[in-house]
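If you want the building blocks of each chain, they are given just below.
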Amino acid sequence: MKKIFVIGIGPGEESYMTPAAKEAILASDVVIGYKTYIDLIPHLVENKKVIDSGMKKEIERCNLALDLAEEGSTVSLVSSGDPGIYGMAGAMLEVKGQRDSTVIIEVIPGVTAVSAAAAVLGAPLMHDFTVISLSDLLTDWEVIKKRLHLAAEGDFVIALYNPKSKGRVTQIEEARDILLKYRKKETPVGIVRNAKREGEAHMITTLDEMLQHPIDMLTVVIIGNSNTFIQGNKIITPRGYAL
Ligand SMILES: C[S@@+](CC[C@H](N)C(=O)[O-])C[C@H]1O[C@@H](n2cnc3c(N)ncnc32)[C@H](O)[C@@H]1O
C-alpha cells in the first residue's frame, strides 16, 4: 500500500511516545526525520532505511516522502511533539494535494510541547488557552503582535512556542510588553525547557520578571490568565469549581 504516516513522537522521552506512533514506525520501510529524534529510538528503526532530514527543507522532505511512497514504500515522516502543531502534517497534505497523488496519508498525533510543559508546571491550562508561535519566518510579525493583543484582551492563558532564538531576541521582549498592557505584573509565568526529555528544567516566575530567566528555542513559556495562581511549586489556573 502506498502510504505515509506523519508521526508525532512526543516531546522526546520514549515513555511519552504513543503505542500508535511506535506501531507506525515499525510498519514502515523508510523513516524520515531529524537525527536527534531518530537517535532516541534506534530499536524501532533497525533494518529500516533512515533518512536524516537535517539538511532538507520541509517541502523537499514532503516531496521525498511522496516519491518514496509512490515507488511502493511505506514511509514514516517523523516530527517532535504533535505533527499537526507547527509540524509536518499540513505541508505533507498540501504537497499531496498539489501533486494530485493517491498516496494515503495518516496523521498520528503526539504529546505536544505545551501539554508536556503544563504537566511539569502543574495545571496552568485548566481554562481556555491559546498557543502563539513567536517565529516570524512564515508569519508577519504584525500578525503575531495582533494575536498577542487579542489573546491578552480575551484573558486566555497564553503559551508561546519558538519564543526566542540566537537571531531573534526582541520578539519575546515585545510580546512581554504587549501582555503587560492587559495583565498584572505579578501574573504567574512558567518557563519550561526540554519538557519530558533529557535536560528538563523549569522556572516559575512572573510577567514582570520573566525576561531575567533563560529562554531559547527549546523552551515553552506559559503566561497565566487573570485567575492563575502559584501554589507551592506549581502553577494553577482554576477551572472554577467550588471547593
Ligand atoms: C516548530 S515547534 C514544533 C512543535 C512540535 N510539533 C510540538 O507539537 O511540540 C518548535 C517549538 O516547540 C517547542 N518545544 C518543542 N518540544 C519542546 C520541549 N520538549 N520542551 C519545551 N519546548 C518544546 C519550543 O518552543 C520550540 O521552539
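Residues numbered from 1 in each chain as written. Predicted model: local features only at pLDDT ≥ 70, side-chain atom pairs only at ≥ 80, totals over all residues. Heavy atoms only, no water.

- Going by an unreviewed UniProt entry, the protein carries the name Cobalt-precorrin 3 C17-methyltransferase and comes from Anaerovirgula multivorans.

## Examining the domain arrangement of the protein
Thought 1: Assigned domains of the protein: these are domain 1 (3–108) and domain 2 (113–236).
Thought 2: On a C-alpha basis, the centres of domain 1 and domain 2 stand 29 Å from each other.
Thought 3: Summing both partners gives a buried area of about 630 Å² for domain 1 against domain 2, and 58% of it is carried by carbon and sulfur.
Thought 4: It is Pro-11, Tyr-16 and Tyr-86 in domain 1 that bury the most area against domain 2; as a group they hold 71% of the surface buried on that side.
Thought 5: Here domain 1 and domain 2 share zero salt bridges between them.
Thought 6: Our enumeration of links across domain 1 and domain 2 arrives at three residue pairs in polar contact (both at pLDDT 80 or more).
Thought 7: Grouping the amino acids of the side of domain 1 that touches domain 2 by side-chain chemistry returns four nonpolar, one polar and one charged. (Domains from an automatic or database assignment. Buried area = accessible area lost by both parts, 1.4 Å probe. Salt bridge = Lys/Arg side-chain N within 4 Å of Asp/Glu carboxyl O. Polar contact = N/O pair within 3.5 Å; in protein donor to acceptor, adjacent residues only side chain to side chain. Nonpolar A, V, L, I, M, F, W, Y, C, P; charged D, E, K, R; others polar.)

## Quick notes on helix 3 (residues 58–70)
Thought 1: In a regular helix each residue adds 1.5 Å, so 13 residues correspond to 18 Å; helix 3 covers 18 Å between its end C-alpha atoms and thus fits that length.
Thought 2: Among the residues making up helix 3, those that are buried are Arg-61, Cys-62, Ala-65, Leu-66, Leu-68 and Ala-69. Take helix 3 and look down its axis: the buried residues cluster within an arc of 165°, on one side only.
Thought 3: In the core, the buried residues of helix 3 are packed alongside strand 1 (3–8), strand 2 (30–33), strand 3 (49–52), strand 4 (74–79) and helix 4 (89–99).
Thought 4: At the C-terminal side of helix 3, Gly-72 shows a positive phi close to 115°. (Helix = DSSP H or I, 4+ residues; strand = E, 2+ residues; numbered from the N terminus. Expected span 1.5 Å × (residues − 1). Buried < 20%, exposed > 50% of the residue type's maximum accessible area, 1.4 Å probe, protein only. Arc of directions from axis to C-beta. Contact = heavy atoms within 4.5 Å.)

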